[in-house]
Amino acid sequence: MQDQPHRRTRWRRISFRSVLALVALYLLLLLPESPPPKPLGAGKQPFAWNRDQFWSVLELDFQNARSLDRKELTERMDASLQQLKKLTLTAQAAALPSDAPVFDQLETNFFHTAPMVAANPQRLPEFLELSARIRSIVKRQSELWSMTAPATRERLYRALYGTRAAVEEVMLQAPRAQLQPLIICDNEPSTAPSAVVRSVTLHSGDILASRGGAATSALIARGNDFPGNFSHIALAHVDEQTKSASVIEAHIECGVVTRSIEAYLEETKLRVMLLRLRSNLPALVADPMLPHKAASLALSNALKQHIAYDFAMDYTDPTNQFCSEVASSAYQPFGVKLWMGLSHLSTPGVTAWLSALGVRHFETQEPSDLEYDPQLCVVAEWRDPDTLFKDHVDNAVIDVMLESAERGENLDYNRWLLPLVRLAKAWSVLLNWFGKVGPIPEGMNATTALRVDRLTQHHAAIQARVMEKAEQFNTERGYMPPYWELLRLAREAAKNTKP
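Computed from a predicted model, the values in this text were never measured in an experiment.

The rules behind the values
Residues numbered from 1 in each chain as written. Predicted model: local features only at pLDDT ≥ 70, side-chain atom pairs only at ≥ 80, totals over all residues. Heavy atoms only, no water. Pairing = 2+ DSSP bridges. Helix = DSSP H or I, 4+ residues; strand = E, 2+ residues; numbered from the N terminus. Axes fitted to C-alpha atoms, helices over the stretch in contact; angles between N-to-C directions. Contact = heavy atoms within 4.5 Å. Buried < 20%, exposed > 50% of the residue type's maximum accessible area, 1.4 Å probe, protein only. Salt bridge = Lys/Arg side-chain N within 4 Å of Asp/Glu carboxyl O. Core = buried A, V, L, I, M, F, W, Y, C linked by side-chain atoms within 4.5 Å. Expected span 1.5 Å × (residues − 1). Polar contact = N/O pair within 3.5 Å; in protein donor to acceptor, adjacent residues only side chain to side chain. Patch = residues over 30% accessible without salt bridge, like charges linked within 9 Å, V, L, I, M, F, W, Y side chains within 5 Å. Areas by Shrake-Rupley, 256 points an atom, 1.4 Å probe, with all protein chains shown as cover. Phe/Tyr/Trp six-rings, centres within 6.5 Å; stacked < 30°, edge-to-face > 60°. Lys NZ or Arg CZ within 6 Å of the ring centre and 35° of its normal.

Asks: Would you mind going over the sheet that holds strand 11 (residues 376–383) with me for this structure?
Replies: Whenever strands of a sheet pair, they do so through backbone hydrogen bonds, lying parallel or antiparallel. The seven strands are arranged 1-11-8-4-5-6-7 in an open sheet whose pairing can be described as antiparallel. Each end of this open sheet is capped by a strand with a single partner; those strands are strand 1 (182–184) and strand 7 (255–260). Sheet twist, expressed as the mean angle between neighbouring strand axes with direction ignored, is 25 degrees. Here five bridges tie strand 5 (residues 232–238) to strand 6 (residues 245–251), and the two strands are oriented antiparallel to one another. Among the inter-strand pairings, Leu235 is bridged to a residue of strand 6, identified as Ile248. Lying over the sheet, helix 5 (residues 124–142) contacts strand 1, strand 8 (271–277) and strand 11, oriented at roughly 155 degrees with respect to strand 11. The strands touched by helix 11 (residues 323–331) within the sheet are strand 4 (207–211), strand 5, strand 6, strand 7 and strand 8, with strand 5 carrying the most contacts at an inclination of about 45 degrees.

Written out as structure tokens, the structure reads:
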């Protein structure tokens, strides 16, 4: 009985010391990491449309077109579409420089035609066909342009991104039943093994550019001197014997992996674009099976060794690889250098936020910019009609968040959670040693994981408000808000949403 007070005292002492040790450990794990080095951007001039007044005029044109009777609207559309067709014939009749006036005329006429088609979606298939033709013509003309010239990149961006933006503004006003998820573009020939995937023939060595549904996907697509539509690159492989199709891709969570094309497409994909090397490239003329050999090399490398994800985005070092690097490093040994026009990330806000997430190279290979490489043809493009509007909202929200980054707002994180996340990181490292995936991706530290979480939560909060405001806009005006209106709604929502 006399030992009981002694035991209680001893257990109190042990409990006190244990709590003290846990507090000390918590405080130790609470110590912040060294801040990332001040990023040195690419030092280029970011693209800006600077056409806010023009977009407002187009919205008024759409409102006016909706009020016209069917006969008058049809006559105006016929004249506008016919003029566009004449301009396409002019643009493809001879080799032209990137600053040829016909390209400006095509752009302006295409934008002016869009509101009329939005008011009469029955003409949408014809409009989509014209957009694919314009893209094909500009891509073919760009084969002779200098990819290091700023004027070339701007022309390609205005023509390819601009026509896509106009098409999608029209699609978002059309009834779902009239939307075409698949648009066939250039049927570039290939002798590599093939398989039919979603009504399109996929060849080994083809490249798939896609857009995920996460906030980080929006940041990857938009955080660029030329904000784009895509956030991920995968390289297709088709087995010569079985004809089974698979993809090789780099995931933030687990590095470079390979999986079936079905598993790839089952993941959230807001859009997918299929790219193929031009068959008349000298390297392919010499060896038509080159794309299959490149894909087979990437597949072999992925199966025989673990390749970690490259958060720094250093495309010159294939030891670790990010998604774009999977494709470029596979083709490099065969004499094909993808991304003839490298991506540039120059603005202080974009580079600061990406640096906080681990990026160290701001002249690199961004997924969206592969479309502008003249070595590649666009074979097909899929859009999910049910998630296309979400894609636009995600873009608008991240664009507005990046505006705050340019004003000096940091990509912060919840410091009080740092000790717990560091323990989760330690557990992840242990799992990585045994070839498993932990809660914190390999190569990502605890602070970065918390920043990603804060980015995701803030983006989701603004997005929810924008969705509500967009529904109200639709109820009041009778049509879905175009992108410039989404930006306005996102700015309003951001004012009332704390990071």
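Asks: What is the right way to look at the environment of Ala151 in this model?
Replies: The residue Ala151 is located in helix 6 (residues 150–171) in this model. Under the relative-accessibility criterion, Ala151 is labelled partly exposed at 47%. Spatially, the C-alpha atoms of Ala151 and Arg76 are 33 Å apart, while their sequence positions differ by 75 residues.

Asks: Just checking my understanding: could you explain the pattern of salt bridges for this structure?
Replies: Any two side chains of opposite charge can pair if their charged atoms end up close together. Enumeration according to the criterion identifies 39 salt bridges in this entry. Note that Glu33 and Arg422 form a salt bridge whose closest N and O atoms lie 3.6 Å from each other. Here the residue Glu33 occupies a position in the loop between helix 1 (3–29) and helix 2 (52–67), and Arg422 occupies one in helix 14 (residues 418–433), the gap between them amounting to 389 residues. Under the relative-accessibility criterion, Glu33 is labelled partly exposed at 32%. Between Glu403 and Arg491 there is a salt bridge, and its shortest N-O distance comes to 2.8 Å. Here Glu403, found in helix 13 (residues 388–406), pairs with Arg491, found in helix 16 (residues 483–495); they are 88 residues apart in sequence, far enough to count as distant. For Glu403, a relative accessible area of 27% gives the class partly exposed. Classification of Arg491 as partly exposed rests on a relative accessible area of 36%. Put simply, Arg135, Arg164, Glu168, Arg211, Arg271, Glu371, Glu381, Arg383 and Asp391 are held in one network by salt bridges that share partners.

Asks: Sorry, what's going on with the pairing of strand 7 here?
Replies: Look at any regular strand and the pattern is simple: side chains alternate between the two faces of the sheet. Note that strand 6 and strand 7 share six bridges and pair antiparallel. Across the sheet, Ile248 pairs through a bridge with Thr258, a residue of strand 7. Hairpin geometry of strand 6 and strand 7 is characterised by an intervening segment of three residues between the two adjacent antiparallel strands.

Asks: Is there a simple way to think about the pairing of strand 8 in this case?
Replies: Counting buried residues along strand 8, seven of its seven residues qualify, which places the element largely inside the surrounding structure. Burial of the side chains of strand 8 extends over both faces: Arg271, Met273, Leu275 and Leu277 are buried on one face and Val272, Leu274 and Arg276 on the other. Pairing of strand 4 with strand 8, which is carried by five bridges, proceeds in the antiparallel orientation. The partner of Ala209 across the bridge, within strand 8, is Met273.

Asks: Looking at this model, I keep getting lost on the nonpolar core. Mind explaining?
Replies: General note: in soluble globular proteins, nonpolar side chains tend to be found buried as a group. In this structure, Ile207, Tyr331, Leu338, Val466 and Leu486 are the most contacted members of the largest nonpolar core, which totals 126 residues. Beyond its immediate stretch of four places on either side in the chain, Tyr331 contacts Gly205, Ile207, Leu235, Leu277, Leu290, Pro291, Ala294, Val336 and Leu338.

Asks: Just checking my understanding: could you explain helix 15 (residues 446–477) for this structure?
Replies: The α-helix advances 3.6 residues per turn, and as a result positions three or four apart in sequence lie on the same side. With 32 residues, helix 15 should cover 46 Å at 1.5 Å per step; its first-to-last C-alpha distance of 46 Å lies within 8% of that length. Near the N-terminus of helix 15, the side chain that reaches the backbone nitrogen of Thr447, with its oxygen 3.2 Å away, is that of Asn445. Gly478 sits one or two positions beyond helix 15 and adopts a positive phi of about 85 degrees.

Asks: In this structure, what is going on with a nonpolar patch on the surface? I would like to understand it.
Replies: A surface patch of nonpolar side chains, amounting to about 510 Å² of accessible area, comprises Val19, Val23, Tyr26, Leu27 and Trp416. In this structure, Trp416 sits in the loop between helix 13 and helix 14. Note on Trp416: relative accessible area 61%, which makes it exposed.

Asks: Just checking my understanding: could you explain the side chain of Arg211 for this structure?
Replies: Mapping Arg211 onto the fold places it in strand 4. The class of Arg211 is buried, set by a relative accessible area of 0%. In terms of polar contacts, Arg211 uses its side chain to reach the side chain of Asp391, at 3.5 Å.

Asks: So what exactly am I meant to see when it comes to the packing of aromatic side chains here?
Replies: For any pair of aromatic rings, geometry is given as the distance between the ring centres together with the angle between the planes. In this structure the tally under the stated criterion is 18 aromatic pairs. Each ring, one from Phe47 and one from Phe226, has its centre 5.7 Å from the other, and the planes form 20 degrees; the classification is stacked. You can see Phe47 sitting in the loop between helix 1 and helix 2 and its partner Phe226 sitting in the loop between helix 7 (215–222) and strand 5, a full 179 residues away along the chain. The exposure class assigned to Phe226 is buried, which follows from its relative accessible area of 10%. An aromatic cluster of at least three residues, connected via ring pairs, comprises Phe47, Trp49, Phe54, Trp55, Phe111, Tyr157, Tyr161, Phe226, Tyr372 and Trp484. Lying across the ring of Tyr264, Lys269 places its NZ or CZ 4.2 Å from the centre. The ring of Tyr413 carries the charged tip of Arg415 above its face, separated from the ring centre by 4.8 Å.

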